[in-house]
Amino acid sequence: QWLIDLFSELAERQQASTAATEKLRARDAATHVFWPFHSPQFPLVAREAHGSRILDADGNTYVDCHLGFGAQALHGHSPEPVVRYVTEQLAATTGNGYCHPVEQQLVDLLGEFVPHCEKFAFLNSGTDATAAAIRLARAHTGRRMVAKFEGSLHGVHDLGMHNTAFWYHGHPTHPFPGNAPDGGVERQSALTGVPLADPRDLLVLPNDPVRAVELIERHRGELACVITEAASSSFPFVEHTVPLLRSVSERCRALRIPFVLDEVLTGFRFGPGGAAAHFGIEADLYTYGKVLSGLGIPLSAVGGRAALLDHTQTSGLPLTDIGRKTCVQTTHAGNHLALAASYASLRLLHEQRDTYYTETRAKVDGIQRRLAAFRGKTGIPLRLVGFGDFIGSFGFLEKDSYDDYRAFAGAVNPIAFFLLTLMLRRRGFYTLSLPMLFTGGAHSTEDLDSLVDAVTDSARELGRHGFP
Ligand code: PLP
């Protein structure tokens, strides 16, 4: 009855949103693919979004802890200086296929944040960026095998998804190839449309430094690159990943295997230089996405050593561009509106850099303190784990830390978490339906205090009804 009441209340509350999305759903079969990943049961149709708030079609206001999959986590929605700058640029020109002064401005500004990158190539999405990094590393080395860590997600190209999160797509029993239970790998591949990787293309590394380095050494002559994240959505425990990555990156340098640090999630977070600067991890290539975009206008980048980025084919004249050159350009890649939005958004961050990171970290520390007190008082194991100052995997977790991503994924109770997201919605918070949430500069201390109130009240309510 409690569940029926919860669902009815949300359905009642979101009638206009539901009606609008039902229309889309109805057309879905015939005309397009309706993409309900945002929040499948109770999709939200946003009328407006400003700062940390979304106003939906029904007139409900939510504190946004989804923030466009984290892409708008820096300043929230529609920060005025960014909107103003982009509007000016929009009035001047739109389109792509030519250079624009804003490109140089952005590159100069990026030099302040990530001086470890000698060059950049701009693309659209994190998926583009990691695919480009892999291609550049392959062109550079003339080899094809890519090593990735179990649990790390590098976007939705085939290699990027292999052995990734159990809960990507919110479905713990629907992992991508490599994660399927014994004997189920072929079927998993058929179900997901992600082909089993050719062992010449993919080497999957465990989250164990000794075994990972052993495997890298064994395949040293075949490896085009090792790609990884410092803090991944499915294994966010930097106390384990950072020492692991330090030893792997050092070994890769000694063996001259390009090391790619995927900073799509971590770039410009933890601190201005992302995880690389914060934890002192050196790579040959770095990929950026998410908050690199301003206003959520898609933009991503591969940055790093010129020696690798110079494999980008730049000339239309084949004779001037021979040798190990490859193409990473796409139609909309690095279009000037996206560059302008990114520039204005990072400029705002640059102006706030002395306070931004200490403030966001203090806010998250406040959440952690209150959750610890809640656990102590109630015994309910509600935890927000990982990602330092900006993002958490929320869950009913018995331990503060897990040293293997499978153990972590197995410990998360996705049903209880899903119900928690619905109860948060009822209390005025919009989140992913995955066990994750994003916080950022747009959230006030009061927003986050009320988030903790909502989460702890919801956890108590869940407990009364037998969850987790
Ligand atoms: N790399 C990492 C670490 C990510 O977290 C993601 C997406 O969440 C991607 C790559 C893919 O980025 P996009 O969704 O922009 O393609």
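These numbers come from a predicted model, not from an experiment. (Residues numbered from 1 in each chain as written. Predicted model: local features only at pLDDT ≥ 70, side-chain atom pairs only at ≥ 80, totals over all residues.)

Observations regarding helix α4 (residues 101-113)
Okay, so step 1: An ideal rise of 1.5 Å per residue puts 18 Å on 13 residues; α4 measures up with 19 Å between its terminal C-alpha atoms.
Okay, so step 2: Considered for burial, the residues of α4 that qualify are Val102, Leu106, Leu110 and Phe113. Seen end-on, α4 carries its buried residues on one side only, within an arc spanning 75 degrees. Residues of α4 that are exposed and angled more than 90 degrees away from the buried face: Pro101, Gln104 and Asp108.
Okay, so step 3: Contact partners of the buried residues in α4: α3 (80-92), β4 (119-123) and α12 (336-351). (Helix = DSSP H or I, 4+ residues; strand = E, 2+ residues; numbered from the N terminus. Expected span 1.5 Å × (residues − 1). Buried ≥ 20, exposed ≤ 12 C-beta atoms within 10 Å, placed from the backbone. Arc of directions from axis to C-beta. Contact = placed C-beta atoms within 7 Å.)

Details of the packing of α4 against α12
Okay, so step 1: It is the contact of α4 with α12, at a shortest axis distance of 9 Å, that shows an interaxial angle of 35 degrees. Judged by the sense of rotation from one axis to the other, the crossing of α4 with α12 is left-handed. From α4, Val102, Glu103, Gln105, Leu106, Leu109, Glu112 and Phe113 reach across to α12, where they touch His336, Leu339, Ala340, Ser342, Tyr343, Leu346, Arg347 and His350.
Okay, so step 2: When its residues are assigned to classes, the contact of α4 with α12 shows eight nonpolar, four polar and three charged. (Axes fitted to C-alpha atoms, helices over the stretch in contact; angles between N-to-C directions. Left-handed = near helix turned anticlockwise from the far one by under 90°. Nonpolar A, V, L, I, M, F, W, Y, C, P; charged D, E, K, R; others polar.)

Side note on the environment of Thr421
Okay, so step 1: With respect to the helices, strands and loops of the structure, Thr421 is situated in helix α15 (residues 414-426).
Okay, so step 2: Since 26 C-beta atoms lie within 10 Å of it, Thr421 is described here as buried.
Okay, so step 3: It is 15 Å that separates the C-alpha atoms of Thr421 and Gly463, two residues lying 42 residues apart in sequence.
Okay, so step 4: If near-sequence neighbours (up to four positions away) are discounted, Thr421 is found in contact with Thr431 and Ser433.

Some remarks on the nonpolar core
Okay, so step 1: Formed by 119 residues in total, the largest nonpolar core has its most connected members in Ala133, Leu136, Cys225, Val226, Val260 and Val302.
Okay, so step 2: When residues of this core are assigned to their parent elements, the largest contribution, ten residues, is made by α12.
Okay, so step 3: Among the domains, domain 1 (2-77 + 356-464) and domain 2 (80-162 + 197-351) are the pair contributing at least three residues each to this core.
Okay, so step 4: Excluding residues within four positions of it along the chain, Val260 makes contact with Ala133, Ala137, Cys225, Val226, Ile227, Ala283, Asp284, Leu285 and Thr287. (Core = buried A, V, L, I, M, F, W, Y, C linked by C-beta atoms within 7 Å. Domains from an automatic or database assignment.)

Brief notes about the environment of Leu451
Okay, so step 1: Tracing the backbone through its elements, the reader meets Leu451 in helix α16 (residues 445-464).
Okay, so step 2: Taking the C-alpha atoms as reference points, Leu451 and Phe429, separated by 22 residues in sequence, lie 7.4 Å from one another.
Okay, so step 3: In this structure Leu451 touches Val63, Cys65 and Phe429, once residues within four positions along its chain are discounted.

Quick word on the sheet that holds β4
Okay, so step 1: Strand order in the open sheet formed by seven strands is β4-β10-β9-β8-β7-β5-β6, and the pairing between neighbours is mixed. A strand with exactly one partner marks an edge of an open sheet, and here the two such strands are β4 and β6 (202-205). In this sheet, adjacent strand axes meet at a mean angle of 20 degrees when their direction is disregarded.
Okay, so step 2: As judged from the three bridges shared by strand β8 (residues 259-262) and strand β9 (residues 285-288), these two strands associate in the parallel manner. Residue pairing across strands places Leu261 opposite Tyr286, the latter belonging to β9. (Pairing = 2+ DSSP bridges.)

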